[in-house]
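Spelled out, the chains give:
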Amino acid sequence: MPAVGIDISDKAVKYVELLHKREGLRLGKYGELPLGNDVVTGGVIRNKASLIQAIKEVERLCDYDFAYSALPEERGYLATMEYQGVKAQDLRGMIELHLDENIPLEPAAAVFDYEGLGPTTPPSVVVSATELGLVQSYEEALTESGFVPLGLELESQALSRALIGGGETKTCMILDIGRGQSNLSVVAGGLVMQSSSIAIGGDNLSAAIAKDLGVDLTEAEKRKEGDGLHRHSGEKGPFE
């Protein structure tokens, strides 16, 4: 069913629409709505009313009833667990029983899912988990804004599926640079095996460019977005 993708960060709510055309997926509406300070901090919703106001604007702009959204990477956990001798129908129960041995969350206070690693010896799965209260807060923000959430998953998993897909067998690294922080994930066999968040983002890069080149932040942003990592002979640029 048609749905809009929504990304909630500490700085903004971003949205994107993918249209199913005869020639394949095509980009539809997309945009970004800035959030005030302390609306979302470290992935935790602090001001639900302000966040709902922003998401309601997305609903108005896109005119969709359904949405997919990403959960904050810094609030998620990944672990590899073995299940030697466990039947498929008992696997979820086994993971729940041993969840707190692999991640710092009590099973009753966690939401988890898992993906198989394919043929391994011993057989293993990658388990992703986050706090139940956090998931409920994101779900409530979406539903109270007029959306029906179809799915919530960690940012790293959404990025892996979009950028790499399940057919890639090589080990890859994804670096997602946001404004306030960056997320680093390692993907093997199409599955996210490890991820971590780094408190350095695009704002830090802009500040470093401004200081190094002796320009203001507006000019630093312009050069960062215009030149990026391109090197120019002679003149000093953002690359350094």
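Preceding this section is the structure that the text describes.
Counting of residues starts from 1 at the beginning of each chain's written sequence and follows it residue by residue. Per-residue local features are limited, in this predicted model, to residues with pLDDT of at least 70; the limit for side-chain atom pairs, both in listing and counting, is 80 or more; totals at the level of whole chains, interfaces and linings are taken over all residues. Neither water nor hydrogens contribute to the side-chain values; these are computed over all heavy atoms in the structure.

> I keep staring at the packing of helix α1 (residues 48–62) against helix α3 (residues 132–143) and nothing clicks. Help me out?
If you want to describe how two helices pack, look at the angle between their axes and the distance between the axes. Fitting a line to C-alpha atoms yields each axis, with helices limited to the stretch in contact; the angle taken between N-to-C directions then spans 0 to 180 degrees. Secondary structure counts use DSSP, requiring at least four H or I residues in a row for a helix and at least two E residues in a row for a strand, with both numbered from the N terminus. It is the contact of α1 with α3, at a shortest axis distance of 9 Å, that shows an interaxial angle of 50 degrees. By the criterion of interaxial angle, the relationship of α1 to α3 is oblique. Of the two possible hands of crossing, α1 and α3 adopt the one that is right-handed. Here K48, L51, I52 and I55 of α1 lie close against α3, whose contacting residues are E140, A141 and L142. In this classification, Asp, Glu, Lys and Arg are treated as charged, Ala, Val, Leu, Ile, Met, Phe, Trp, Tyr, Cys and Pro as nonpolar, and every other residue, Gly included, as polar. Per-class residue counts for the contact of α1 with α3 are five nonpolar, no polar and two charged. Each angle is binned into one of four classes, with values under 35 degrees roughly parallel, values over 145 roughly antiparallel, values of 65 to 115 roughly perpendicular, and all other values oblique. Left-handed is the label given to a crossing in which the near helix is rotated counterclockwise from the far helix by less than a right angle, and right-handed is the label when the rotation is clockwise. Any two residues whose heavy atoms approach within 4.5 Å at even a single point are treated as in contact.

> For this particular structure, what's the right way to read the pairing of strand β6 (residues 66–71)?
Note on strand geometry: in a regular strand, side chains alternate between the two faces of the sheet. Looking at chain direction, strand β1 (residues 4–8) and β6 are connected through three bridges and run parallel. When the sheet's bridge partners are listed, I6 is paired in β6 with S69. A pair of strands is labelled paired if DSSP reports no fewer than 2 bridges between them. In this sheet, strand β10 (residues 148–154) lies alongside β6 in parallel orientation, the contact comprising six bridges. Counterpart to F66 in the pairing with β10 is V148.

> Looking at this model, I keep getting lost on unusual backbone geometry. Mind explaining?
Peptide bonds are, in most cases, trans, and in most cases residues other than glycine have a negative phi. In this structure, D38 is a non-glycine residue whose phi angle is positive, near 70 degrees. Locating D38 in the fold gives a position in the loop between β3 (24–34) and β4 (40–41). Of the residues examined, D38 reaches a relative accessible area of 56% and is grouped as exposed. Positioned with a positive phi, D63 is a non-glycine residue whose angle comes to about 60 degrees. With respect to the helices and strands, D63 occurs in the loop between α1 and β6. Type-normalised accessible area, obtained with a 1.4 Å probe on protein chains alone, sets the label of each residue: buried when under 20%, exposed when over 50%, and partly exposed for intermediate values.

> What's the story with the sheet that holds strand β7 (residues 76–82) in this structure? I'm lost.
The strands that make up a sheet pair up through hydrogen bonds in the backbone, lying either parallel or antiparallel. Strand order in this open sheet of three strands is β7-β9-β8, and the pairing throughout is antiparallel. One side of each edge strand has no neighbouring strand; the edge strands of this open sheet are β7 and β8 (110–116). Taking the axes of each pair of neighbouring strands and ignoring which way they run, one obtains an average angle of 25 degrees across the sheet. With seven bridges joining them, β7 and strand β9 (residues 124–131) adopt antiparallel strand pairing. When the bridges of β9 are listed, E82 appears paired with S124. Helix-sheet contacts for α3 involve β8 and β9, and the interaxial angle to β9 is about 65 degrees.

> Any chance you could explain the sheet that holds β6 here in plain terms?
On the basis of which strands lie adjacent, the open sheet formed by five strands has the order β3-β2-β1-β6-β10 and mixed pairing. Of all strands in the sheet, those with a lone pairing partner are β3 and β10, marking the two edges. Within the sheet, the average angular offset between the axes of one strand and its neighbour, ignoring direction, is 20 degrees. Strands β1, β2 (12–21) and β3 of the sheet are contacted by α1, whose axis makes an angle of about 25 degrees with β2.

> Whenever I open this one, helix α4 (residues 155–163) confuses me. Can you help?
Those residues of α4 not exposed but buried are E155, S156, Q157 and S160. Count one or two residues on from α4 and you reach G165, which has phi positive near 85 degrees.

> What is the right way to look at the pattern of salt bridges in this model?
For side chains bearing opposite charge, pairing can occur when the charged atoms are close. Just to be clear on terms, a salt bridge is a Lys or Arg side-chain nitrogen sitting within 4 Å of an Asp or Glu carboxyl oxygen. Scanning the model with the defined rule gives ten salt bridges in all. For R92, the salt bridge identified is with D113, shortest N-O distance 3.3 Å. Placement of R92 in helix α2 (residues 91–97) and of D113 in strand β8 is noted, with a sequence separation of 21 residues between them. For E153, the salt bridge is made with R161, and the minimal N-O distance between the two is 2.9 Å. Judged by relative accessible area, E153 falls into the partly exposed class, the value being 23%. A relative accessible area of 54% places R161 in the exposed class. The network of salt bridges with common partners includes K48, E140 and E144.

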